[in-house]
Amino acid sequence: MPVLRRSHRWPPPVVILLFSFIFIVSYAKSDEVEILLKFKSAVESSDPNFFSSWEQGNSACDFAGVVCNSNGFVAEINLPQQRILGFVPFDSICELQSLERIDLGNNSFHENVSEDLNKCSSLQYLDLGVNSFSGKVPDLSSLTGLKFLNLNNSGFSGIFPWKSLQNLTELTFLSLGDNPFDASPFPPEVLKFEKLYWLYLTNCSLTGQIPEGIQNLTLLQNLELSDNKLSGPIPAGIAKLNKLWQLELYNNSLSGKLPVGLGNISNLTNFDASMNMLEGDLSELRSLKNLASLQLFENQFSGKVPVEFGEFKHLVGLSLYRNKLTGQLPPKIGSSSDLNFIDVSENFLTGPIPPYIGKAKSLEFLRLANNQFSGELATSISQASSLVLIFFISHSHASEKGQMENSNSTTLVEVVDVSMNNLVGEIPASICNSSFLDVLSYMGNNLVGTIPECFGNLSSSLSHIDLQHNHFHDLYFLDVGKNKLNDTFPTWLGNLNQLQVLVLRSNRFYGQVNSSNIAVSFPRLHAIDLSHNNFSGYLPTKLFENLDAMKGGYGKQVEAEYMKDELANGVVYYVHGLSFTIKGFEIEFPSLLTTWMVIDFSSNQFSGEIPQTLGELHSLIVLNLSHNCLKGSIPSSFGDLSELESLALSSNKLHGRIPVELSNLGFLEVLNLSHNNLSGRIPQGKQFDTFTNDSYTGNLGLFGLPLSTSSDKDEGIPAKFYRENDDADNELNWKFSILMGYGCGLVLGLSMGYIVFTTGKPRWFITLFDTFQHR
């Protein structure tokens, strides 16, 4: 009987392969979890709870910021803007075989990026921008599929591996700017990226010229090469990049004219070539009707501003300051409904201010300083209802009397400066309709009349005097110096409790500043200049008592801080262009330190005594009360002005002694007490040892160094010699001393004469005389 044997049936090979695949995939996915957990362990801190899902037992696809592909493998790690502090373990991350995207931008990753990044060979998207990495950028040559590369402002330094990019021909987005790389010429490798639409190489130490080959990048929409050391002309090939909407070349050393055909880039919206050495006219830009922002300041452009600029309907910002432009502004400039920024200052522009500027309802910043504009100021700001900064119009000539339409809708003005022109007329009352005025300067014109009393409502808490809640807020800076304003001191300015700088100098103001009926308070005032007017009466003691900012005693700051104001639209306005009289000279300050505290009441007709309360202003740097009719003594409290650097009290009627307390002023560099009636010994020590005769001339009762060494003017004319504690017999004492000196000298002279006459020329005498001569 045959023996039946049970056959063993094995699973089909397909089943075995399937189970093997499942096992391998499961193991691989488990391995991906371990890789990501290793990344998590390198994180030192982050947004709370962001990594709470990154736990053992969870699928990697469920980790926050992780995206898997259709096969369940990790394809993307997206962790931007999570405030992550730590380092990136690329040695493990690049073991994720399906990884195509890494986005770690805007965090605080640090340390070096290792060469292991090269193992992420499937990457298409890499964003490490805005971090704090260190060291060099590793070789990137194996990332041939990369389409997006952003290393902007990531902390890298050293030599950038440009050659490793030559095979990355799939790149469409390249941003490497704002890193302190070693200087290098414009990289030719970049010119091969014909698919590139975005190129950002700003501030990465590029040198030499922009190559003509830039024209090969015909898909470019954004080209930014600013803040480098590029020189030479703008290549003509740029004009062939007709898809460009943004071209930024500012802060280089580019020269020559704008390339022919630049106006053919019809999509160009933002063009910034400021802070270069470009020249020629602006005619190439006449057809760029889609421009929203045109920034060409600080170049050497000449000729007229094209009339077409006034017809650009999309123009938002126009900045042409510090060039050599001439002629009139386009008559329709300001007609764009979106225009909010105009700066054409420091040119040679002439004629009236275009009327549309006064109607620009979106205009927030208008600067026309240092030109030759003419005409009547009148109601120039009329309908500019959003104006933040108006009128920096300087050094103009009033050759005609143009006037703009009147309106009452100027509600958002923050800064007004019509300084240093010869504009005529009165300060327009329409300025009173502004709600957010921060800075007001009418310095250096030929304005007449009075200051509108509505300025008294420039406080953030007031809303009255027929303004129907259209009142000024937080005025910081008021300058109407160097005009012909004829008015009493506007005491209502005391309502401006945010005011930091007040300049009324060189006008025709008159009358008393001190008033018993009105309390003038400037608690934040840093500088007040009333010089060269006709103010009279006593010095304003109440005003001095309320200068709280000057009482602070800031001390010498290690790091300079400049007086500024950040406007509502983000523009930072630095107080500049102020001038003060120091050492007898008018000195202009480009910027003003917050510690710069000044009181200048010089060249008026103030009378009475100097109030002791001035000695409480411990932060005061400059005090000038010269050329008035002040009498009495110098307050001993001035010895408490520990920060004082300049004290001018000359040409008054002060008497008494110089307080010895002034010798405690360790920073005092300038002292002028000349032409008063001061007497007594000049204090000695510290800064007083550095002052010359000029500090004391015209005070016949003073003596002591430096007067005791006599200047050329005082030679042979002794002042009264007396000791500080002597009384009525002092005069007899010094006369007796002089007579005794004359007597002794006469006897000695006759004796020496007799010796010479009888003995000839004694050798010892001649030798002694020669010795003194050689000395």
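Predicted, not measured: the structure shown is a model, and the values here were computed from it. (Residues numbered from 1 in each chain as written. Predicted model: local features only at pLDDT ≥ 70, side-chain atom pairs only at ≥ 80, totals over all residues. Heavy atoms only, no water.)

J.: Looking at this structure, I do not really get the overall build of the chain. What am I missing?
T.: Secondary structure summary: the chain contains 5 helices and 50 strands in total. Looking at the chain as a whole, 50% of its 775 residues are labelled buried. In the chain, of all internal contacts separated by at least 6 residues, the share reaching a separation of at least 24 is 55%. Accessible surface, the chain as shown: approximately 36,100 Å² in total, 52% of it carbon and sulfur. (Helix = DSSP H or I, 4+ residues; strand = E, 2+ residues; numbered from the N terminus. Buried < 20%, exposed > 50% of the residue type's maximum accessible area, 1.4 Å probe, protein only. Contact = heavy atoms within 4.5 Å. Areas by Shrake-Rupley, 256 points an atom, 1.4 Å probe, with all protein chains shown as cover.)

J.: What exactly am I supposed to notice about the pairing of strand β15 (residues 229–232) here?
T.: Consecutive side chains along a regular strand alternate between the two faces of the sheet. Where strand β13 (residues 206–209) lies against β15, 3 bridges are found, and the strand directions are parallel. Residue pairing in the sheet places T207 in a bridge with K229 of β15. Examined bridge by bridge, β15 and strand β17 (residues 253–256) share 2 bridges and lie parallel to one another. Bridging across to β17, G232 finds its partner in L254. (Pairing = 2+ DSSP bridges.)

J.: What is the right way to look at the side chain of T613 in this model?
T.: Secondary-structure assignment places T613 in the loop between β43 (605–609) and β44 (622–624). Not counting residues within four places of it along the chain, the set of residues in contact with T613 comprises T541, F544 and E545.

J.: Where do I start with the nonpolar core in this structure?
T.: When a protein is soluble and globular, its nonpolar side chains tend to lie buried together. Core analysis: the biggest nonpolar cluster contains 104 residues, and I77, L149, L199, L223 and F271 have the highest contact counts within it. Of the residues forming this core, the biggest block, 5 residues, is contributed by helix α1 (residues 13–41). Excluding anything up to four places from it in sequence, F271 contacts L247, L258, L262, L285, L291, S293, L294, Q295 and L296. By size, the runner-up hydrophobic cluster in this structure holds 60 residues, among which are L485, V501, L614 and F638. (Core = buried A, V, L, I, M, F, W, Y, C linked by side-chain atoms within 4.5 Å.)

J.: Any chance you could explain the state of the cysteines here in plain terms?
T.: Two cysteines joined by a covalent bond between their sulfur atoms form a disulfide. A full pass over the atoms with the stated rule returns 2 disulfides. Disulfide pairing places C61 opposite C68 at an S-S distance of 2.0 Å. Taking the torsion about the sulfur-sulfur bond, which here is approximately -105°, the covalent link between C61 and C68 counts as left-handed. Across a sulfur-sulfur distance of 1.9 Å, C94 and C120 are joined as a disulfide pair. Across the disulfide from C94 to C120, rotation about the S-S bond amounts to roughly -95°, and the bridge is consequently left-handed. Note that C94 is positioned in the loop between α2 (90–93) and β5 (101–103) and C120 in the loop between β6 (108–111) and β7 (125–127), a separation of 26 residues in sequence. Taking relative accessible area as the criterion, C120 reaches 3% and is therefore assigned buried. (Disulfide = S-S within 2.5 Å.)

J.: Mind showing me how you'd approach a negative patch on the surface here?
T.: On the surface, a cluster of negative charge is made up of E545, E616, D640 and E661. Structurally, D640 is set in the loop between β45 (629–632) and β46 (646–648). (Patch = residues over 30% accessible without salt bridge, like charges linked within 9 Å, V, L, I, M, F, W, Y side chains within 5 Å. Salt bridge = Lys/Arg side-chain N within 4 Å of Asp/Glu carboxyl O. Lys, Arg positive; Asp, Glu negative; His and termini not counted. Charge placed at Lys NZ, Arg CZ, Asp CG, Glu CD.)

J.: Would you explain the sheet that holds strand β37 (residues 534–538) in this entry?
T.: Hydrogen bonding along the main chain pairs the strands of a sheet, whether they run parallel or antiparallel. Read from one edge of the open sheet, 7 strands run β35-β37-β43-β45-β47-β49-β50, paired in parallel fashion. Either end of the sheet is taken by a strand with one partner, and the two such strands are β35 (510–512) and β50 (701–703). Between one strand and the next, the sheet's axes are offset by a mean angle of 20°, whatever the strand orientation. (Axes fitted to C-alpha atoms, helices over the stretch in contact; angles between N-to-C directions.)

J.: Please clarify how the pattern of salt bridges should be interpreted in this entry.
T.: When charged atoms on two side chains of opposite charge get close, those side chains can pair. With the rule as written, the count across this model stands at 12 salt bridges. Note that R83 is salt-bridged to D47, the shortest N-O span being 2.4 Å. Here the residue R83 occupies a position in the loop between β3 (74–78) and β4 (85–86), and D47 occupies one in the loop between β1 (43–45) and β2 (66–68), the gap between them amounting to 36 residues. The salt bridge involving D548 is made with K551; its shortest N-O contact spans 4.0 Å. For D548, a relative accessible area of 42% translates into the label partly exposed. Salt bridges sharing partners connect three or more residues here, namely E298, R322, D343, E346 and R367.

J.: Which parts of the structure should I look at to understand the packing of aromatic side chains?
T.: For any pair of aromatic rings, geometry is given as the distance between the ring centres together with the angle between the planes. Applying the stated rule across the entire model yields 23 aromatic pairs. Centre to centre, the rings of F535 and F606 are 6.3 Å apart; their planes meet at 20°, and the pair counts as stacked. Of the two residues, F535 sits in strand β37 while F606 sits in strand β43, which places them 71 residues apart along the sequence. Among the residues examined, F535 registers a relative accessible area of 0% and is labelled buried. Classification of F606 by relative accessible area gives buried; the value is 0%. Ring centres of F601 and F606 lie 5.5 Å apart, and the angle between their planes is 25°; on these two criteria the pair is classed as stacked. Residue F601 is classed as buried on the basis of its relative accessible area, which comes to 0%. One residue, R101, lies across the ring of Y125, its end atom 3.6 Å from the ring centre. (Phe/Tyr/Trp six-rings, centres within 6.5 Å; stacked < 30°, edge-to-face > 60°. Lys NZ or Arg CZ within 6 Å of the ring centre and 35° of its normal.)

J.: What is the right way to look at the pairing of strand β23 (residues 324–327) in this model?
T.: Bridge analysis of strand β21 (residues 300–304) against β23 gives 3 bridges, and the strand direction is parallel. Across the sheet, the residue bridging to K304 is T326, located in β23. Pairing geometry for β23 and strand β25 (residues 348–351), over 2 bridges, is parallel. Its bridge partner being in β25, G327 is matched across the sheet by L349.

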